[in-house]
Amino acid sequence: MAGRSFGRGASGNGEGGGRTLLQRLIYWAAVLAVWGLIFLTVFFLVFARGLPDTSALYDVERQPSITYLDRSGALIAVRGSQHAPPVELDALPDYVPAAFIAIEDRRFYHHPGFDPIGMMRAIMANMRAGRVVQGGSTLTQQLAKNLFLTPDQNMRRKVQELMLAVWLEMKFSKDEILALYLNRVYFGAGAYGIEAASQRYFDKSADELTVGEAALLAGLLKAPSRYSPLGESERAAGRATVVLDEMEESGVITAEQRNAAVLEPVRVSRTLATQHAQYFVDWLDQDIRRLVGEPTEDLIVETTLDLTLQTAAERSVRSILDRDASRGVEQAALVAVDGDGRVRAMIGGASYADSQFNRAVDARRQAGSAWKPFVYLAALEAGYTPDTPVIDQPITIGNWSPRNYSGNHIGQTTLANAVAQSTNTIAAGIADQIGRDSVARAARRLGITSRVGLEPAMALGAVEVSPLEMAGAYAAFSNGGRRAETHGITRIRTPQGRVIYQRQVEDRRADQVIQNPSLYYLNQMLRGVITSGTARSVAISGRDLAGKTGTTSDYKDAWFAGYTGGFVTVVWVGKDDNTAMRGVTGGSSPAAIWRGFMQAALPRLNVRDIPNGPPLPEGWIPPTPPGADPAGDLLGGLGDLFGEDELPPLGDDPLAGSPANPRPAQPAPERPSVRPPEPIQTDPPAQNPEPDREAERRPDPLFF
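Just so you know, these numbers come straight off a predicted model, no measurement behind them.

Within the protein chain one finds 22 helices and 16 strands. In the protein chain, which comprises 704 residues, the proportion classed as buried is 52%. Partitioning the contacts of the protein chain with sequence separation of at least 6, the portion at a separation of at least 24 is 74%. Carbon together with sulfur atoms contributes 54% to the accessible area of the protein chain, which is approximately 31700 Å² in total.

Moving on, we get to the sheet that holds strand β15 (residues 557–564). The strand order β7-β6-β16-β15-β14 describes an open sheet built from five strands, whose pairing is antiparallel. On the outer flanks of this sheet lie β7 (343–347) and β14 (546–551), each paired with one strand and no other. The sheet shows a mean angle of 5 degrees between the axes of neighbouring strands, direction not considered. Inspection of the sheet shows strand β6 (residues 331–338) paired to strand β16 (residues 567–574) by eight bridges, in the antiparallel sense. Each residue of the ladder has a partner; that of Val-335, found in β16, is Val-570. The sheet contacts of helix α20 (residues 518–531) involve β14 and β15, and relative to β14 the element is tilted by about 65 degrees.

With that out of the way, let us pick up the pairing of strand β5 (residues 299–303). Within β5, five of the five residues are buried, leaving the element largely enclosed by the surrounding structure. Burial along β5 is two-sided: the residues Leu-299, Val-301 and Thr-303 and Ile-300 and Glu-302 are all buried. Looking at chain direction, strand β1 (residues 66–69) and β5 are connected through four bridges and run parallel. Paired with Leu-69 across the bridge in β5 is Glu-302. Taken together, the four bridges between β5 and strand β12 (residues 489–493) define a ladder with antiparallel strand orientation. Across the sheet, residue Ile-300 finds its bridge partner in β12, namely Arg-493.

Looking now at helix α18 (residues 436–446). Among all positions of α18, only Arg-436, Ser-438, Val-439, Ala-440, Ala-442, Ala-443 and Leu-446 are buried. Turning to α18, the residues buried within the fold contact α15 (372–381), α17 (424–434) and α19 (467–478). Gly-447 occupies a position one or two residues after α18 and carries a positive phi of about 125 degrees.

Ranked by internal contacts, the top residues of the largest apolar core, which has 120 residues, are Leu-334, Trp-371, Phe-374, Tyr-376, Met-470, Phe-477 and Phe-597. In this view, Phe-374 contacts Val-439, Ala-442, Ala-443, Leu-446, Ile-448, Met-470, Ala-473, Tyr-474 and Phe-477; residues no more than four positions away in its chain are not counted. If you look at the next biggest cluster of nonpolar residues, it comprises 49 residues, including Ile-103, Ala-197, Leu-221 and Ala-240.

Nonpolar side chains collect at one region of the surface, where Met-120, Ile-123, Met-124 and Met-127 lie side by side and expose about 430 Å² of accessible area between them. Secondary-structure assignment places Ile-123 in helix α4 (residues 116–129). What makes Ile-123 partly exposed here is its relative accessible area of 44%.

Following the sequence through the fold, Glu-104 ends up in helix α3 (residues 95–104). Among buried charged residues, Glu-104 stands out as having no salt bridge; its nearest opposite-charge side chain is Arg-239, 4.3 Å away. Side chain to side chain, Glu-104 and Gln-142 meet in a polar contact 3.1 Å long. For Glu-104, the residues in contact, after removing those within four places along its chain, are Ser-137, Leu-139, Gln-142, Tyr-181, Ala-218, Leu-221, Lys-222 and Arg-239.

A cis amide bond, omega 15 degrees, links Asn-516 with the succeeding residue Pro-517. Checked against the element boundaries, Pro-517 lands in the loop between β13 (499–502) and α20. Positive phi, close to 60 degrees, is recorded for Tyr-555, a residue that is not glycine. Tracing the backbone through its elements, the reader meets Tyr-555 in the loop between β14 and β15. A positive phi angle, close to 65 degrees, is found at Asn-578, a residue other than glycine. Within the secondary structure, Asn-578 sits in the loop between β16 and α21 (589–605).

As a further point, take helix α10 (residues 233–249). The terminal C-alpha atoms of α10 lie 24 Å apart, and with 17 residues this matches the ideal 24 Å at 1.5 Å per residue to within 8%. Of all the positions in α10, only Ser-233, Ala-236, Ala-237, Arg-239, Ala-240, Val-243, Leu-244 and Met-247 are classed as buried. Viewed end-on, α10 has its buried residues packed into an arc of 170 degrees, placing them on one side of the element. In this structure, the buried residues of α10 make contact with α3, α9 (211–220) and α11 (255–263). Directly beyond the C-terminal end of α10, a positive phi value near 85 degrees is found at Gly-251.

Their axes nearest at 11 Å, the elements helix α8 (residues 194–202) and α9 cross at an angle of 115 degrees. With respect to their mutual orientation, α8 and α9 come out roughly perpendicular. Judged by the twist between their axes, the crossing of α8 over α9 is right-handed. Residues Ile-194, Ala-197, Tyr-201 and Phe-202 of α8 pack against Glu-213, Leu-216, Leu-217 and Leu-220 of α9.

A full pass over the atoms with the stated rule returns 30 salt bridges. For Arg-71, the salt bridge is made with Asp-306, and the minimal N-O distance between the two is 3.8 Å. Of this pair, Arg-71 sits in the loop between β1 and β2 (75–79) while Asp-306 sits in the loop between β5 and α14 (307–323); the two residues are 235 residues apart in sequence, bridging distant segments of the chain. For Asp-306, a relative accessible area of 2% translates into the label buried. Close ionic contact of Arg-289 with Glu-294 constitutes a salt bridge, the shortest N to O distance being 3.5 Å. Salt bridges here are not isolated pairs; linked through shared partners, they connect Asp-338, Asp-340, Arg-342, Arg-344 and Arg-482.

A few words now on the sheet that holds β13. Strands belonging to one sheet form pairs held by backbone hydrogen bonds; the direction of such a pair is parallel or antiparallel. Strand order in the open sheet formed by five strands is β2-β1-β5-β12-β13, and the pairing between neighbours is mixed. Looking at the sheet topology across the chains shown, the edges are occupied by β2 and β13. Geometrically, the sheet is characterised by an average inter-axis angle of 15 degrees between neighbouring strands, direction not taken into account.

So, about the packing of aromatic side chains. The tally for this structure, following the rule as stated, stands at 15 aromatic pairs. A centroid spacing of 5.0 Å and a plane angle of 75 degrees characterise the contact between Phe-108 and Tyr-109, whose relative ring orientation is edge-to-face. Given the relative accessible area of 0%, Phe-108 is considered buried. Classification of Tyr-109 as partly exposed rests on a relative accessible area of 41%. Seen in terms of ring centroids, Tyr-186 and Tyr-192 are 4.7 Å apart; in terms of plane orientation they differ by 40 degrees. Their pairing is tilted. The class of Tyr-186 is partly exposed, set by a relative accessible area of 34%.

Residue placement: Glu-381 occurs in helix α15. Residue classification places Glu-381 among the partly exposed positions, given a relative accessible area of 38%. Sequence separation between Glu-381 and Ser-438 is 57 residues, and the spatial gap between their C-alpha atoms is 9.6 Å. Contacts of Glu-381, omitting those with residues within four sequence positions, involve Arg-445, Val-513 and Ser-518. A polar contact is formed between the side chain of Glu-381 and the side chain of Arg-445, at a distance of 2.5 Å.

What counts and how
- Residues numbered from 1 in each chain as written.
- Predicted model: local features only at pLDDT ≥ 70, side-chain atom pairs only at ≥ 80, totals over all residues.
- Heavy atoms only, no water.
- Helix = DSSP H or I, 4+ residues; strand = E, 2+ residues; numbered from the N terminus.
- Buried < 20%, exposed > 50% of the residue type's maximum accessible area, 1.4 Å probe, protein only.
- Contact = heavy atoms within 4.5 Å.
- Areas by Shrake-Rupley, 256 points an atom, 1.4 Å probe, with all protein chains shown as cover.
- Pairing = 2+ DSSP bridges.
- Axes fitted to C-alpha atoms, helices over the stretch in contact; angles between N-to-C directions.
- Core = buried A, V, L, I, M, F, W, Y, C linked by side-chain atoms within 4.5 Å.
- Patch = residues over 30% accessible without salt bridge, like charges linked within 9 Å, V, L, I, M, F, W, Y side chains within 5 Å.
- Salt bridge = Lys/Arg side-chain N within 4 Å of Asp/Glu carboxyl O.
- Lys, Arg positive; Asp, Glu negative; His and termini not counted.
- Polar contact = N/O pair within 3.5 Å; in protein donor to acceptor, adjacent residues only side chain to side chain.
- Expected span 1.5 Å × (residues − 1).
- Arc of directions from axis to C-beta.
- Parallel < 35°, antiparallel > 145°, perpendicular 65-115°, else oblique.
- Left-handed = near helix turned anticlockwise from the far one by under 90°.
- Phe/Tyr/Trp six-rings, centres within 6.5 Å; stacked < 30°, edge-to-face > 60°.

Quick look at the structure:
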C-alpha cells in the first residue's frame, strides 16, 4: 500500500508535475536571480573592503618642490612635484580635452564608467599578441586609479577600480569627471595637471596650447618618461603624430589642421631644454639637504649660475665634441667660477639625457701638466724667480727617469721659459729639490681636497682631481691670492619669502693664501704660457689671460685651466672607460672649448686685468717682462721647437669673434706629461662609469 502510494506521488499529477514550461523557466530564473544576488552581494562586500575614503577626493598630497633660479632670477629648473590651480574645462580650447578623449577613451560620453566594448577589444588584442599590448580602462577608471588606488596590478584592485568608476559617474557629470582628470593626471617632469604641465613644458598657460602641443601632452600619458620630449624627442614626436591621427579620425580636427600641426615646430621650454644645467642642479641637491635637511615645504633656491654663460658653455662644448669625435673625444666637463668661488657655468658631460654622472664634480682624473702651477708656486715661495737659471737635462729620481715629449733637452734656460714650454725634467727636478711635500701643502692651501701622493711623478700631474677642485684652486691665481670656496647657493627661501639659509659674506683678508712676490711671479709665468708657450691658440685680443695646459702621457686626459681677473674656467676632455684618445692634448680640444666659451663670456662679465695681489715687498724691483729680453726671446724660440701642450685646432672655434680678433699663430705639438713606470690607481668604476648604451636618442632636446 505504501509502495503504491509512493508510486502515485512520484508519477501523479502533483504540483511540480503540473508546471508549464513558462512556469518552470520563471521558477529557475528566480532561483538563479536569488543566488546571483547573494553572490554579487558577497562579491562586492569582499572587494569593497579596503576601499579608500572618497571624502579626500579634492585633497592633494605631494612632495615639496624645489625651484632653482639663476643669479638674475631666471628659472633654471623645478624638482619635485609641481601643481597649479585647476583650470575650468570651458577655458580650454575645444581641441585640448578632445585630444585626450581621442587617444584615451573615444566613447567617454557614451559609457557608464567602464567600456565593455573596449574591454573586449583589449582582451582580443592581447590574446592575439600573447602579451599585454592594449588596455581597456576608461578615463573614469584612470581617474579612479589616480585618485584613490595604488598602481598594483591584481584582480582586487581592478574590481575596486570598476566600482569607484561607477561611483564617480553617479556623483559627477561627464564634464566634471573630465576636468578632474585633466587637473590631476601626471604628465612627467614633476608636473601634475594640465596647467602645471603646460607651464613646465611650454612656459605658457593651458588655455594658450596649440594643437601640436595638446597632442604632445595627450601622448605623454601612456608613459611620461618613455615619451618625454626631453630625452625621448623622437618617440615623443611619433606618439604626438598618432594622437593627431586619432583626432582627425574622430572628427576633432580637419586634415588641414592635422597637417598644419605637424609642420609647426613644437618647442619645449628653454629651461627644460637646457639639459646641462641639470648637472649643476644635481650638485646643489646634495648641498640643500646638508644646509636645511630634508625639505618639508616648497623651496626657492637662488643660485650663482648665469644661464647666459651656461648656454655659451653648452654651445662651445657641443661644437668641439662634434668636431673632434673622430679623435676619440667622447666626454667633456667645464667649470667656470668667479674670484669668490661662485660657480657661473657647469657642464658635467656630453649629454645629461644619456648619462647623469657629473664629471665636473664626481670624476677624478689625472691633471697632467695643469698641476705644475702648484709645483712652481712652491718653488717661488722657496726663493726661485722667473729669471732663475734652470737646466733641461736627463734626470733620474729613484728608479724613475722623466722625459720630455720631444725626447730632446735644450740645456740651460729660465724658469719662466720652462713653465711656458712645460718642460717635464725641470718640473720633476724642482719638486724633488724643494720637497714634494711642500708642493702638496701648496695645493691643499689653495683648495685641493683629493689625495695628493708624494711619488716623484706627482710633480708632473699624476694626481687625480676633479675639474671643480682645479677651478677653485686656480681662483686664487685670478683674485689676488685669496682662497675661494666653490659654491652654487646664495640663498634658500620659501615662496612666501621666509629666508631659511643665507650665505654669509666672508672676510677676504683672512683667506690670503698666496703672498707676493710669489703671486706676481706666478701670474707672469702663466701669462707666458698663452703669449709664447703651449697655449697660444687661446689668446684673445685685448684680454689679460693666463693658464696652463695638461695632458697625460697616454692621451687619456686632456685639460686646459685658464683665467683672467676674477674669473676662471677649467675644461677636461676624455672617455668614461679611461681609454686613450688619438693624440688629443690640452692645447687642442680643451683649449678650443675654453676659447670658444671665454670669447662669449668675457664681454658679459666686464672683467678686469689679473690683479697683482697683496703689496709687494719694499724695495722690490719687477723682473724684465717677457719679450723685452732678446736672450730670453731666443731661448723661448728654442723652446718652441719642443712645445708641450698644443696641436693645431681642427677647424674654426665655436662662437668665434669678429675678424678684428684673428686667431694667433698655432704653436708646436704638445708634449704630454709622463706617468710613472709603476701602475697608477685608475678611477674607480663608481666614479667613471661605462657610457650608457641606450638607443633611440638624439642630442637635440627639441620636439619635431
